[in-house]
Amino acid sequence: MAPGESTSALEESTLAVGESTLALGESRDAEFDDGTALLRRGTALPGAQVLSSAAELLSPGAVLLSPGAVLLSPGAQVLSPGVVLLSPGVVETCTKRPETLRARCRDERILLVTSIVQSARDARPDEWWRSAVVYQVYPRSFADANGDGIGDIKGILGHLDYLSMLGVDVVWLSPVYTSPQDDNGYDISDYQDIDPLFGTLDDIDKLIEELHDRGIKLVMDLVVNHTSDEHAWFEESRDPESPKSDWYWWRPAREGHEPGTPGAEPVNWGSAFPGPAWQYDAARGEYFLHIFSRKQPDLNWENPEVRTAIFDMMNWWLERGVDGFRMDVINLISKPEVEDGPETPGTGLCYDLSRLADGPRMHDFLGEMYESVLKGKNLIAVGEMPGTTLEKAASYTDPTTGELSMVFQFEHVDLDHRAGNRFDVTDWPWVEYKKNVLRWQDGIGMGWNSLYLENHDQPRSVSRMGDDSPQFRQASAKTLGTVLHMLRGTPYIYQGEELGMTNYPFEAEGDFRDIETLNYLHHAMQLGAPAEAVLPGLAKGTRDNARTPMQWDGGVNAGFSETGPWLAVNPNASEINAVDQIKDPESVFHHYRRLVQLRHDEEVVRLGEFALLLPDDEQLFVYTRTLGDEQILVLANVSSRPARLPLGLPDHGACEVLLATHEIDDVDVLAPWESRVVRLS
Ligand code: ISL
Ligand code: CA
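Residues numbered from 1 in each chain as written. Chains lettered and ligands numbered in written order. Predicted model: local features only at pLDDT ≥ 70, side-chain atom pairs only at ≥ 80, totals over all residues. Heavy atoms only, no water.

Quick look at the packing of aromatic side chains
Inference 1: Taken as a whole and judged by the stated rule, the model has 32 aromatic pairs.
Inference 2: Plain terms: the ring middles of W233 and W247 are 5.1 Å apart, the flat faces sit at 70° to each other, and that makes the pair edge-to-face. With W233 in helix 7 (residues 232–237) and W247 in the loop between helix 7 and strand 15 (250–251), this pair connects stretches of sequence that are 14 residues apart.
Inference 3: Note on W233: relative accessible area 15%, which makes it buried.
Inference 4: Three or more aromatic residues link up through ring pairs in this structure, and these residues are W428, W430, Y433, F610, F621, Y623 and W673.
Inference 5: The ring of W566 carries the charged tip of R140 above its face, separated from the ring centre by 4.8 Å. (Phe/Tyr/Trp six-rings, centres within 6.5 Å; stacked < 30°, edge-to-face > 60°. Helix = DSSP H or I, 4+ residues; strand = E, 2+ residues; numbered from the N terminus. Buried < 20%, exposed > 50% of the residue type's maximum accessible area, 1.4 Å probe, protein only. Lys NZ or Arg CZ within 6 Å of the ring centre and 35° of its normal.)

Notes on the site of ligand 1
Inference 1: Taken together, the neighbourhood of ligand 1 is formed by 17 residues, with D183, D328, R422, D457 and E516 sitting nearest.
Inference 2: A distance of 2.9 Å is found between an oxygen atom of ligand 1 and a side-chain nitrogen or oxygen belonging to H226.
Inference 3: Between ligand 1 and the protein, one listed contact pairs an oxygen atom with a side-chain N or O atom of H456 at 2.9 Å.
Inference 4: Calculation on ligand 1 without its partners gives an accessible area of 490 Å², and the protein chains cover 92% of this total.
Inference 5: Residues belonging to the shell around ligand 1 are distributed by class as follows: five nonpolar, three polar and nine charged. (Near = heavy atom within 4 Å. Polar contact = N/O pair within 3.5 Å; in protein donor to acceptor, adjacent residues only side chain to side chain. Areas by Shrake-Rupley, 256 points an atom, 1.4 Å probe, with all protein chains shown as cover. Nonpolar A, V, L, I, M, F, W, Y, C, P; charged D, E, K, R; others polar.)

A look at the coordination of the calcium ion (ligand 2)
Inference 1: At 2.2 to 2.3 Å from the calcium ion (ligand 2) lie its protein donor atoms, namely D144 (OD), N146 (OD1), D148 (OD), I150 (O) and D152 (OD).
Inference 2: Each donor residue of the calcium ion (ligand 2) belongs to the same chain, and together they define the spacing D-x1-N-x1-D-x1-I-x1-D. (Donors = N, O, S within 2.8 Å, 3.2 Å for Na, K, Ca; no water.)

Observations concerning helix 16 (residues 531–541)
Inference 1: Among all positions in helix 16, only A531, V534, L535, G537, L538, A539 and G541 are buried.
Inference 2: Next to the buried residues of helix 16 lie strand 22 (421–425), helix 15 (515–526) and helix 17 (544–547). (Contact = heavy atoms within 4.5 Å.)

Focus on the nonpolar core
Inference 1: Membership of the largest hydrophobic core comes to 151 residues, with the highest contact counts inside it found for M314 and F325.
Inference 2: Ranked by residues supplied to this core, first place goes to helix 8 (residues 304–320) with eight residues.
Inference 3: Beyond its immediate stretch of four places on either side in the chain, F325 contacts V219, M220, L222, M314, W317, L318, V373, L374, I380, A381 and V382.
Inference 4: Listed in part, the 17 residues of the second largest apolar core include W249, A253, Y287 and A357. (Core = buried A, V, L, I, M, F, W, Y, C linked by side-chain atoms within 4.5 Å.)

Observations concerning the sheet that holds strand 17 (residues 286–289)
Inference 1: Strand order in the open sheet formed by three strands is 15-17-16, with antiparallel pairing between adjacent strands. On the outer flanks of this sheet lie strand 15 and strand 16 (278–281), each paired with one strand and no other.
Inference 2: As defined by bridge partners, strand 15 adjoins strand 17 across two bridges and the pair is classed as antiparallel. Residue pairing across strands places W250 opposite F288, the latter belonging to strand 17. (Pairing = 2+ DSSP bridges.)

Overview of the packing of helix 15 against helix 16
Inference 1: The contact between helix 15 and helix 16 brings their axes to 10 Å, and the two run at 155°. Considering the angle they form, helix 15 stands roughly antiparallel to helix 16. When you trace helix 15 past helix 16, the crossing you get is right-handed. Side by side, helix 15 and helix 16 meet where T517, Y520, L521, A524 and M525 of the first sit next to A531, V534, L535 and L538 of the second.
Inference 2: Partitioning the contact of helix 15 with helix 16 into residue classes produces eight nonpolar, one polar and no charged. (Axes fitted to C-alpha atoms, helices over the stretch in contact; angles between N-to-C directions. Parallel < 35°, antiparallel > 145°, perpendicular 65-115°, else oblique. Left-handed = near helix turned anticlockwise from the far one by under 90°.)

Considerations on the environment of G260
Inference 1: Structurally, G260 is set in the loop between strand 15 and strand 16.
Inference 2: We classify G260 as partly exposed; its relative accessible area is 45%.
Inference 3: It is 8.2 Å that separates the C-alpha atoms of G260 and Q279, two residues lying 19 residues apart in sequence.
Inference 4: The contact partners of G260, leaving out residues within four places of it in the chain, are Y280 and Y287.

In structure tokens form, the structure reads like this:
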């Protein structure tokens, strides 16, 4: 059997490889032409490792691994370069994807693991997104073409060659639909039109066409956990007699309470933008649920008419030519029982998004969406999922069920939040972060994860995880890029990240625009906190850090707009901007360009197995990626002090350097924020 060909056909009671078969329960060794071999069931291999993240489950009961991948749990036997057999008991002890594996093996079939290959899989056209790099455009802050101080679609059209130069494969466009802009477009009042602030449907058609001409795909933001309260559906739903009366989460006041009075909310759920998650509607005499702002009522996905309306709308966009969806807070669409949760101390409410997440019908709803919209269309489907778990993420993205291409999860960006509060942050905990990366790189198994440090909801990474002083700003921006982009998964670049844009020096209430930030401030002040005590935390944690205008050049308004923009331009635009960086081959921009290129060029970057070295080292982030006999080593100093590499790392002094942030004087010492990617074999 040639490498890349289909490996096994497993029937009820036999295991077949190439021409040979082995009956269930039969116990013998066998050798095949391509070097694969079968091993006796249950043969032990002391000290063997967890199942490779480069594994793919073949149904029923077989797993494909990339060549050379490290295999399996204690008690399993690895054969090179071929096949491993496990007894079902062994599978039970597998640390990766135990649910899936246990399910596949419960009928006591032999599990087959082979080392045939990713190359066939890499070529699968429906999984193109495994090789892709995504660039996120936040339209309000990207480029303003008509001079009203707010970015728009024509502004994006004016910068497509910039995206081509960077080399990205996909643009994810944050919402441009008709919206009252309570949450900058994440509150949609018409899913099938464009807000005049941003342009027209003709502009979007042009954007699709011009991106496609450049070989770039377009992913639309899909915000269907909630609509705007100005959506016609909600307006209709306020009438209890209307056919849409059940399209949202309406509930009566808590028993014994006067509707509309404090504490009369149906249950004690807190909203993400604080205060109760229930708003009284006098017209209807009931409360509606809003996990986000009160202008973002949650849709009732339990109602099949709601689902059909959403799926129809998604198909309408696909017919327009978009290539997929980034699904906003999609793991909130299935809700738990509407009942009180444990109070978050001192608040009177239960603030815990994860309690509302991943409800019991998630797989039903996503499965239905897959069948009605996504199936067989070669799309990218990204599930943004606050509060989800690794196990859930693996199940949503399991290629054997195919609900989503990848998750976009939050564990790592919550690591520096004290008590889950984004406005109370610690220094970036590198050791914890590295271990979190390891957990997800390993644990997602056959599923797939997004790789990101920034988006429109996160502060700038250089200020948060790097060092934004003039001395180390550039090096730390590059090295943050290196350590993220050499991981397994689909990397996301948020506009300006490729320039090393930094947080803004926010000082006063009037500097902010973000609803979450302003609501938090007002809420804290109502509870008696002085503004001066809250503002420094807001400055660090606010989403507005990500939303200052894109720094195109060092001129007026950073080249973003002819007019004063809706949110102030960072004063460092004269030092950090696209025009200067494009001219400078050593810039952060060109480093990012090389990172994208490396992913495109190197299969080991796309698909290699991840191994973390020096897990407890606070200064060094070091890992390998391995695919068959190819291996790369990523060395990074994530501190502002020089770091000596300890003995015991793979020998790399004479190896080819694929990418480096600094000239290398001493192979054993990394300058502050220096990183290198070398080819070990
Ligand atoms: O930023 C957050 C609050 O600290 C997150 O919880 C954020 O609300 C969460 O990431 C969900 O984000 C998405 O849905 C929100 C919207 O405000 C965000 O901009 C969007 O990315 C509601 O639609
Ligand atoms: Ca504009």
